[in-house]
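# Report on the structure
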Amino acid sequence: MQTAEPKSVKRIPTYCYNCVSGPDFMTVKVVDGVATEIEPNFAAENVHPAKGKVCVKAYGLVQKTYNPNRILAPMKRTNPKKGRDEDPGFVPISWDEALDTIAERLKATRARGVIDESGVPRLAASFGHGGTPAMYMGTFPAFLAAWGPIDFSFGSGQGVKCVHSEHLYGEFWHRAFTVAGDTTSSQYVISLGANVESSGGPCAVTRHADARIRGYKRVQVEPHLSVTGACSAEWVPIRPKTDPAFMFALLHVMLIEHNQDELDVPFLRDRTSSPYLVGPDGLYLRDAATRKPLIWDPARNIAVAFDTAGVVPALAGCFPVSGAISVNADDAVRDMGNVEGVTAFSKLVEHIGKYSPEWAAGICDVPAATIRRIANEYLEAASVGATTVIDGVTLPLRPVAVILGKSVNNGWGAYECCWARTMLAVLVGALENPGGTIGTTVRLNRPHDNRHKSVLAGEDGFMAQKFNPTDKANWVARPTGRNMHRTLVPIVGNTAWSQALGPTQLAWMFQREQPSPDMPKPTLPDVWFIYRTNPAISFWDTPTLVKTIATFPFTVAFAYTLDETNYMADLLLPEATDLESVQMIRVGGTKFMEQFWDHKGVALRQPAVAAQGDTRDFSWVSTQLASRMGLLTEYNDAINRGAAGVSPLKGANYDFSLDPTKEHSPETIWDAVCRASTTSLSEGRETHDLEWFKEHGFYTVPMSRLEWYLSPTMEKMGLRYELPYQERLLRVGRELGNRLHEHKMSWWDEQLSEYAALPEWHDVPGRWDAALVNAGAKVEDFPLWLLASKSMQYHAGGNVGIELMREVSQNIRGHSGVIINASTAARYGIAEGDRVEVRSHIGATYGAAVLAQGVRPDTLVILGQFDHWAQPFAKDLDMPSLNTIAPMSLELTDATGSGSDVVKVQLRKMEGRMEGVQA
Amino acid sequence: MTRYVTTIDLRRCVGCQTCTAACKGANATPPGIQWRRVLDIETGEFPDVRRTFLPMACMHCANPPCEEVCPTKATTKRADGLVAIDYDLCIGCANCVMACPYDARSIVHAAHFSYGDKPLPSEAMRFDPARVAVSMKCTFCVDRIDEAAVTGRIPGVHPEVTPACVNSCISGAMEFGDIEDPESNVSRLLAGTQHFRMHEELGTEPGVYYLWDQS
Amino acid sequence: MNKPIKKMPDLVSPRQQRNWDWRAAANFIAGGAGGGLLLFTALAGLDAFATRAAILLGLVLIASGLTCVWFEIGRPWRALNVYKHFATSWMTREAVVAVGVFGAGGLAFLTLAPSLVFLSGVLGLTFLYSQARILAANKGIPSWRHPASVPLMVATGLAEGAGFLVVVAAFGTSATSPWILAGLIVIVSVRAWIWKTYLAGLTVGGAPEGALRILNATGPRFVLVGHVLPALLVVAALAGMPARAALSVAAGLLVVAGGWVLKFILVRRAAFTQGLALRHLPVRGQGPAGPATKPGWKTIAGTNRV
């Protein structure tokens, strides 16, 4: 609608990448220079799996642009005291003053050395959700690259709000930083706590909707009936944190109650370590000369090296082996003499024998018959033996998948879940095959845009892995980052993403408490940059976190509005945001979640409207900082190398490099990126500049669907998946233990227990009770589980201050308070809308009761992350948050450094009711 | 004859409110006023529970009770099936609001904006005083349908002339088109599915079809 | 921490209508009584003073009801647009009849010509009937659209008119005719019977539980105060108890009050919206469709399951 006839109406193509489930296409309708509407970009209908559409969050971007609470000029703090009760006294200053202040501070820091006396970087930076801020920060990554070492370990929820263990183990086992079902053809999906209909983005929503119409079955296993549960054929309300037991029982049914030939025997035999012989010491039996693991050749009745040509090894069985060796931690070689060698597969069968559905039923509060039925349905739907043809190549068709959500996939029990999930795929050959369980991207390995190229041959017939060293000579005893990721977490490696995936809560915890006196003294960063992140809300134990943040000496926040973290900042820099600045992003190929396309390419984010107030394009800010720091050449060199993302400016057949000695405008920089990326993508056939992109928005080239599946690549390279037996992890864990104990560090011993060759069930939920006891609390005082769940309206959107999101989210249950089972509420005398207190042993959070049947009686659920106290608009919502009352706890941190987003709590009715609530 | 209808596939809908937000953007409705919304309905008792997401808006009835009661002829039923409101005739008596069994209509008696009394630029530009204190509801994005008549494009096929909610839907739950045309997308979809219309027993002959299973 | 928030209303279940407030209710309350009074004035054959007083009261009641509505509508300066849809809109018809009521009633007040008094009575009844049909035409409010709501609204309007007539007659120069008092008993009996029929019909045919809860809670008090009590007072008056006039006035006012409370409850508190109904819950990939649902209703009329 339009009240007066406009002079000009334009539709500006751009992208939304507010969460990792994007990027997705959209257009901005601009009427006489004012952005009025977000609309899909139907020009992308045929290349984008979601047909050019964006999710509800993007529709808030108009309000985001014109929000009266925006910070529209650089501000400096005038109150030197920092704290929740200290008004920061921000006053506007010029960009010159702001940039010069930062440059002087950084120069002084640099003069003292980029690494401080404790061996960690003096400059720290924290960015929000899953790398998405990078797609809004222009060329700032080039500035960071020009600077040198930076500590990214002050997390804002990484490891506790993501599918952390999947990132690490997924990438280890099948180059799957995120794991998805191949929804385009799946017929049966077991979804444990995954919430793709909320957090999977338009591509996942579209595909799962298509799958429902096709008649696939999805079983949602989760303590509450989430949006995804609502859209599933079946809901299994499992007891919190007992998912490993459930999955072990599924494996049990398939391995013990079915014949071996119902499984995908060729896949197990040829693509996995199942035939590797394991000796009595639990290590592979290896050829004494070559150290290669042995397999049993039934034709000749001898053990041979795994890569012996022409051998069809025994999958199961126990065989006499003589003259073999085993290699333990720290390269301890042992002559094994005459021993029995058991195939890894037989070890698995033996191991899983004790985990029957009847055993799991009591733990999971799920009937054994249900577990057994689901396992049988899964096996049948796997259609072992079926094939499909993709681009002329015949591949197995295994239309079954198991997907895991946050809190199943992080913290204790997550290793077991990840292993069991991957094994469920392995048993039927569904791992990385059409229809099956597939990885979509890599982040700990390179290159990020092609996981197939990250597959290199390593030892023992497996992929090469880039673990942090645990051997005596190379173990990083002295941490290089404040969360000790290289020291404590071998599997996380040490590439650009590794630090932020290390145990990010440790960086915060160690500021308060040093676990070991002989570790270097914890230091604060001299300068801390923050952007699109609000750890004071989005991490745990936020009241304590705020106090820590207040101690940081110099914090520079790129700030949209005031929030609970930048309340402690020294400088606020307002950047031109989503609809006001220019940047390019890779689209398609295979990326996070269900972003695997039949095309790959690039898309432009461009100013649809003039930047509001005195906000500036992030690339301009970055260039200015580099220039004022005297790092211009290094900065431009980094851009030329491709540090701004998308593409290097110089390639085999093109050169659009920038003059490194000059300051370039954002338009000049991104024009070069436009040209370089199109030339590179088209292999020299086409070159498009910024002007072309401003009109067309994106450029793609077709991509074969074969790139979705890793198994053909593994087969081509003659490699095996490192499953089911985790000999490497066992050895690495032992080595890590040796190193830590050599340094008298015993506080990580519990985490070392996770390094098992075949994961055992242990009382995972009991860990939360034990933690209560250790904290001096009584278990019976905290009888309920509190879980956090994602909401599409808010997930990763940084949009709690957007009125539209508040309004539309109220249509969906749970966005007004705490979801409580109606019978539980009745027991506590709580009615709909009553104000309730949810209290853990460290604090309390408050909100309105939302009564439901679709939640376990022993479980409460809070959506999103709220409880704001500084951010305009958001601070008036009076919404509760799990983060306020979840402790950061070493004993609840698993070996990967992650924690589960769950807390044991008590519930109490408060006086009074929420205004406007009807009974 | 033409009758434009919407089909909503309940099997697909995920309750995301993208259509709700898109509608608010397309029609510049004030805060709290939703010409369409997706309801979240829980049925059953633990553990046998279902949640269903139900998009609701004006049903553009063939026999609209709102039109019957309207004393001013502000509400009319068009030849193409759309139920329209002439804001300049409406006296805001709310009789139509009471007559509608779908809770599709609303009246706002004073201007208000997302962040208080002062409109955002995007709100100021599109603030329409004619819509204050009169009855409002989903129009099926009537401007676009009217544009189709001029440009020859086909509503439901070409996005420029298709309602914003239908365009925005990320689960593909909604289709729009002419039910009188047996070849239209909606006719074909209805032929292959089981569906119902809400409150049909009231004789309203609604123009929104809810799909729930294959036929 | 204790700052209250505004929670969005429950969207799923039928809820009380929010668009017609006390001003709209006042139109039904006062206008209906006025229409009923005009009718009975035409039939009662009171003396000149009482007839004039009754006509004036009837017109004032109708006028004040319409004035309230004028203050309620969003665009009062366009109020004359109300005359545009005589073909189907009972609101238009009510407005047309209102012109006639004021014309005939005004002239009757001035002249007391029997034909004009009679005409104003007929038009008063027509006005009352139009109002009843306005309510019943609202398909969005199940407790209004029930077929028995028209006789109920007409009956209570008539009863209130009769009640007022008794009051006016008590202040007249001649004693209130026993026939009028007897008539009041008859008419409240009819109203009570229609109320019972209405409530039974609504319960059987289906209405939102919230509406039924409120109406059922109202029922006994309504019957006692608006019917039994005034009937007893009338019987007492007829039986020759002292203070016959006072008893009659009290009876009349109780009949009126009962009707007004009923209408306020009908228009405001028991006016629950239809809510929603799904004949089937969708198949989500595999498995059966879910059963029909109609939140806030006990019966699921209109769906193919009960």
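To start, this report covers the structure provided alongside it. If you're wondering where the values come from, they're calculated on a predicted model, not measured in any experiment.

What follows covers the overall build of chain A. Scanning chain A for helices and strands turns up 27 helices and 33 strands. For chain A, whose C-alpha radius of gyration is 27 Å, the value lies close to the compact-globule estimate of 29 Å for 919 residues. By principal-axis analysis of the C-alpha atoms, chain A measures approximately 85 × 75 × 60 Å. Within chain A, buried positions represent 64% of all 919 residues. Pairs at least 24 residues apart make up 73% of the contacts formed inside chain A by residues separated by at least 6 positions.

Once that is clear, we can look at the overall build of chain B. Looking only at helices and strands, one finds seven helices and ten strands in chain B. In terms of C-alpha radius of gyration, chain B reaches 17 Å, essentially the compact-globule figure of 17 Å for 215 residues. Split into buried and exposed, the 215 residues of chain B put 60% on the buried side. Taking all contacts inside chain B whose residues are at least 6 apart in sequence as the whole, residues at least 24 apart take part in 56%.

Looking now at the interface of chain B and chain C. Across the contact, 40 residues belong to chain B and 42 residues belong to chain C. Of all the secondary-structure elements, those providing two or more residues to the side of chain B that touches chain C are strand E2 (36–45), strand E3 (48–57), helix H2 (65–69), helix H3 (95–99) and strand E10 (208–214) of chain B. Partitioned by chemical class, the residues of the side of chain B that touches chain C number 26 nonpolar, seven polar and seven charged.

Contacts between the two partners involve 50 residues from chain A and, on the opposite side, 47 residues from chain B. Every element with two or more residues in the side of chain A that touches chain B is listed here: strand E3 (34–39), helix H1 (61–66), helix H6 (201–214), helix H7 (227–230) and helix H26 (803–809) of chain A. Across the side of chain A that touches chain B, the residue classes break down as 30 nonpolar, eleven polar and nine charged.

Residue and element names in this part refer to chain B. The strand order across the open sheet built from four strands is E8-E1-E10-E9, with neighbouring strands paired in mixed fashion. Edge strands, defined here as strands with exactly one partner in the open sheet, are strand E8 (174–178) and strand E9 (193–196). Each strand axis lies, on average, 35 degrees off the axis of its neighbour in the sheet, ignoring direction.

With that settled, consider the nonpolar core. Residues Phe246, Leu250, Leu277 and Leu786 of chain A together with Leu165 and Leu184 of chain C are the most contacted members of the largest nonpolar core, which totals 466 residues. No other element matches the 15 residues that helix H6 (residues 149–170) of chain C contributes to this core. Counting the residues that make up this core, at least three belong to each of domain 1 (22–269) and domain 2 (276–306) of chain C. Residue contacts for leucine 184 of chain C: discarding those within four places in its chain leaves Ala162, Gly163, Val166, Val234, Ala251, Gly252 and Val255 of chain C.

The next subject is helix H8 (residues 209–238) of chain C. Residues and elements named next belong to chain C. In this model H8 runs 42 Å from its N-terminal to its C-terminal C-alpha over 30 residues, within 8% of the 44 Å that 1.5 Å per residue would give. Roughly 35 degrees is the biggest bend found in H8, and it falls at glycine 219, with proline proline 220 one to four residues downstream. For H8, the complete set of buried residues consists of Gly210, Ala211, Leu212, Ile214, Leu215, Phe222, Gly226, His227, Pro230, Leu233, Val234 and Ala237.

One turn of an α-helix holds 3.6 residues; hence residues three or four places apart share an orientation. Residue and element names in this part refer to chain A. Within helix H11 (residues 357–364), the full set of buried residues consists of Pro357, Ala360, Ile363 and Cys364. Buried residues of H11, seen end-on, are gathered within an arc of 120 degrees and therefore sit on one face of the element. Those residues of H11 hidden inside the fold are in contact with helix H8 (243–256) and helix H12 (368–381). A positive phi of about 60 degrees marks aspartate 365, the residue just after H11.

This part covers the packing of H6 of chain C against helix H7 (residues 178–205) of chain C. Residues and elements named next belong to chain C. Between H6 and H7, the least distance of the axes is 9 Å, while the angle of their chain directions is 155 degrees. Classed by the angle they form, the pair H6 and H7 counts as roughly antiparallel. Along this stretch, H6 crosses H7, giving a crossing that reads as left-handed. Contact with H6, carried on its side by Ser149, Pro151, Leu152, Ala155, Thr156, Leu158, Ala159, Ala162, Gly163, Leu165, Val166 and Ala169, involves Ile180, Leu181, Gly183, Leu184, Ile187, Val188, Val190, Arg191, Ile194, Trp195 and Tyr198 of H7 and no other residues of that element.

Turning our eyes to something else, we now look at the packing of helix H2 (residues 95–112) of chain A against helix H18 (residues 618–629) of chain A. All names here are of chain A. It is at 9 Å that the axes of H2 and H18 come closest, and there the two elements cross at 50 degrees. The angle between H2 and H18 falls in the class oblique. Here the hand of the crossing between H2 and H18 comes out right-handed. Together, Leu99, Asp100, Ile102, Ala103, Leu106 and Lys107 of H2 and Gln624, Leu625, Arg628 and Met629 of H18 make up the contact between the two elements. For the contact of H2 with H18, the per-class residue count stands at six nonpolar, one polar and three charged.

Our focus in this paragraph is the pairing of E2 of chain B. Residue and element names in this part refer to chain B. Relative to E3, E2 runs antiparallel, the two sharing ten bridges. Across the sheet, glutamate 42 pairs through a bridge with arginine 51, a residue of E3. Here E2 folds back onto E3 in antiparallel fashion, the turn holding two residues.

Moving on to the sheet that holds strand E10 (residues 234–236) of chain A. Residues and elements named next belong to chain A. Overall, parallel pairing links the four strands, which are arranged E10-E9-E8-E18 in an open sheet. Of all strands in the sheet, those bounded by a partner on one side alone are E10 and strand E18 (400–404). On average, each strand axis in the sheet is tilted by 15 degrees relative to the strand beside it, whichever way the strands run. Two strands pair when backbone bridges link them, and strand E8 (residues 188–192) and E18 are joined in this way by five bridges, in the parallel orientation. Across the sheet, valine 189 pairs through a bridge with alanine 401, a residue of E18.

A few words on the pairing of strand E9 (residues 217–221) of chain A. Residue and element names in this part refer to chain A. Counting buried residues in E9 gives five out of five residues, a clear majority hidden from the surface. Burial of the side chains of E9 extends over both faces: Lys217, Val219 and Val221 are buried on one face and Arg218 and Gln220 on the other. As judged from the five bridges shared by E8 and E9, these two strands associate in the parallel manner. Across the sheet, the residue bridging to serine 191 is glutamine 220, located in E9. Here E9 runs beside E10; their pairing, made up of three bridges, is parallel. Directly across from valine 221, in E10, lies its bridge partner valine 236.

All names here are of chain C. With respect to the helices and strands, leucine 59 occurs in helix H2 (residues 48–72). Taking the number of C-beta atoms within 10 Å as the measure of exposure, leucine 59 has 22 and is therefore buried. With 29 residues separating them in the primary sequence, leucine 59 and threonine 88 have C-alpha atoms 25 Å apart. Excluding its chain neighbours within four sequence positions, the residues that come into contact with leucine 59 are Gly34, Phe102 and Gly105.

Basis of the calculations
Residues numbered from 1 in each chain as written. Chains lettered and ligands numbered in written order. Predicted model: local features only at pLDDT ≥ 70, side-chain atom pairs only at ≥ 80, totals over all residues. Helix = DSSP H or I, 4+ residues; strand = E, 2+ residues; numbered from the N terminus. Rg over C-alpha atoms; globule rule 2.2 N^0.38 Å. Buried ≥ 20, exposed ≤ 12 C-beta atoms within 10 Å, placed from the backbone. Contact = placed C-beta atoms within 7 Å. Nonpolar A, V, L, I, M, F, W, Y, C, P; charged D, E, K, R; others polar. Pairing = 2+ DSSP bridges. Axes fitted to C-alpha atoms, helices over the stretch in contact; angles between N-to-C directions. Core = buried A, V, L, I, M, F, W, Y, C linked by C-beta atoms within 7 Å. Domains from an automatic or database assignment. Expected span 1.5 Å × (residues − 1). Bend = angle between axes of the 7 residues up to and from the residue. Arc of directions from axis to C-beta. Parallel < 35°, antiparallel > 145°, perpendicular 65-115°, else oblique. Left-handed = near helix turned anticlockwise from the far one by under 90°.

By themselves, these are just geometric observations and shouldn't be taken as functional.
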